[in-house]
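# Coordinate analysis (summary)
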Amino acid sequence: GSFSAGGAATMTSCTTCNADEYWNGQECTACPGDSTGTGDGTLCTCAADQKWGGQACEDCAGGSFSAGGTATTTSCITCNADKYWNGQACEACPAGAVGAGDGTLCTCAANQKWGGSACEDCAGGSFSAGGAATMTSCTTCNADEYWNGQECTACPGDSTGTGDGTLCTCA
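To keep things clear, this report deals only with the structure shown in the data block. Note that the structure is a prediction, hence the values are computed from the model and not measured.

This next bit is on the packing of aromatic side chains. Counted under the stated rule, the structure contains four aromatic pairs. Ring centres of Phe 65 and Trp 85 lie 5.5 Å apart, and the angle between their planes is 10°; this geometry places the pair in the stacked category. Note that Phe 65 is positioned in the loop between β6 (57–59) and β7 (83–85) and Trp 85 in strand β7, a separation of 20 residues in sequence. By relative accessible area, Phe 65 is classed as buried at 9%.

The next thing to look at is the state of the cysteines. Under the criterion given, the structure shown has ten disulfides. Disulfide pairing is shown between Cys 46 and Cys 57; the S-S distance is 2.2 Å. Looking down the S-S bond of the Cys 46 and Cys 57 bridge, the torsion is -90°, so its handedness is left-handed. With Cys 46 in the loop between β4 (28–30) and β5 (50–52) and Cys 57 in strand β6, this residue pair connects regions lying eleven residues apart in the sequence. Accessibility expressed as a relative area gives 26% for Cys 57, which makes it partly exposed. One disulfide in the model links Cys 60 with Cys 76; its S-S distance is 2.0 Å. With the S-S bond torsion at -80°, the cross-link from Cys 60 to Cys 76 turns out left-handed. Pair noted here: Cys 60 is in the loop between β6 and β7 and Cys 76 is in the loop between β6 and β7, with a separation of 16 residues, a long-range link. A relative accessible area of 23% places Cys 76 in the partly exposed class. Here Cys 14 is not cross-linked by a disulfide; its sulfur's nearest cysteine counterpart is in Cys 28, at 11 Å. No disulfide involves Cys 170; its nearest neighbouring cysteine sulfur is the one of Cys 168, lying 8.6 Å away. According to the relative accessible area criterion, Cys 170 is exposed, its value standing at 73%.

Calculation criteria
Residues numbered from 1 in each chain as written. Predicted model: local features only at pLDDT ≥ 70, side-chain atom pairs only at ≥ 80, totals over all residues. Heavy atoms only, no water. Phe/Tyr/Trp six-rings, centres within 6.5 Å; stacked < 30°, edge-to-face > 60°. Helix = DSSP H or I, 4+ residues; strand = E, 2+ residues; numbered from the N terminus. Buried < 20%, exposed > 50% of the residue type's maximum accessible area, 1.4 Å probe, protein only. Disulfide = S-S within 2.5 Å.

Keep in mind that these numbers describe shape and distance, not what the molecule does.
Okay, structure coming up:
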């Protein structure tokens, strides 16, 4: 775009900012740091999860997101409870999963983990509580522990773990 300061500074022609500049209301100004202009002179690019604040990039508040780069905007997006941020937009959680409420992941069933775009089964010998406790990784119990449905727990008394986290055997 082309710009003019207006008012007492009214000119007979408009100013076009260079590719790595933005219009600050008075003049073209170089984009800060490692950001670049978007080409229309209105703002500069920011990193993912940042927005253009008028003169610099600003971090999005917790639970809100931004694609950044050439998709930089002046606001961040908050995903609805049944959605997650896929890095570019809010996307509906897959069938059987529910949004965790903060936009970062969807809840999965027990013994599944959130894989970024879908629930994935935990590998043999690893576990997950699922539901509100969904994580992006599964837990592997130590040799003398078993999975109690929520966490790894030490085998009681003189029993020993079977090594796969599924149960303890009596001595």
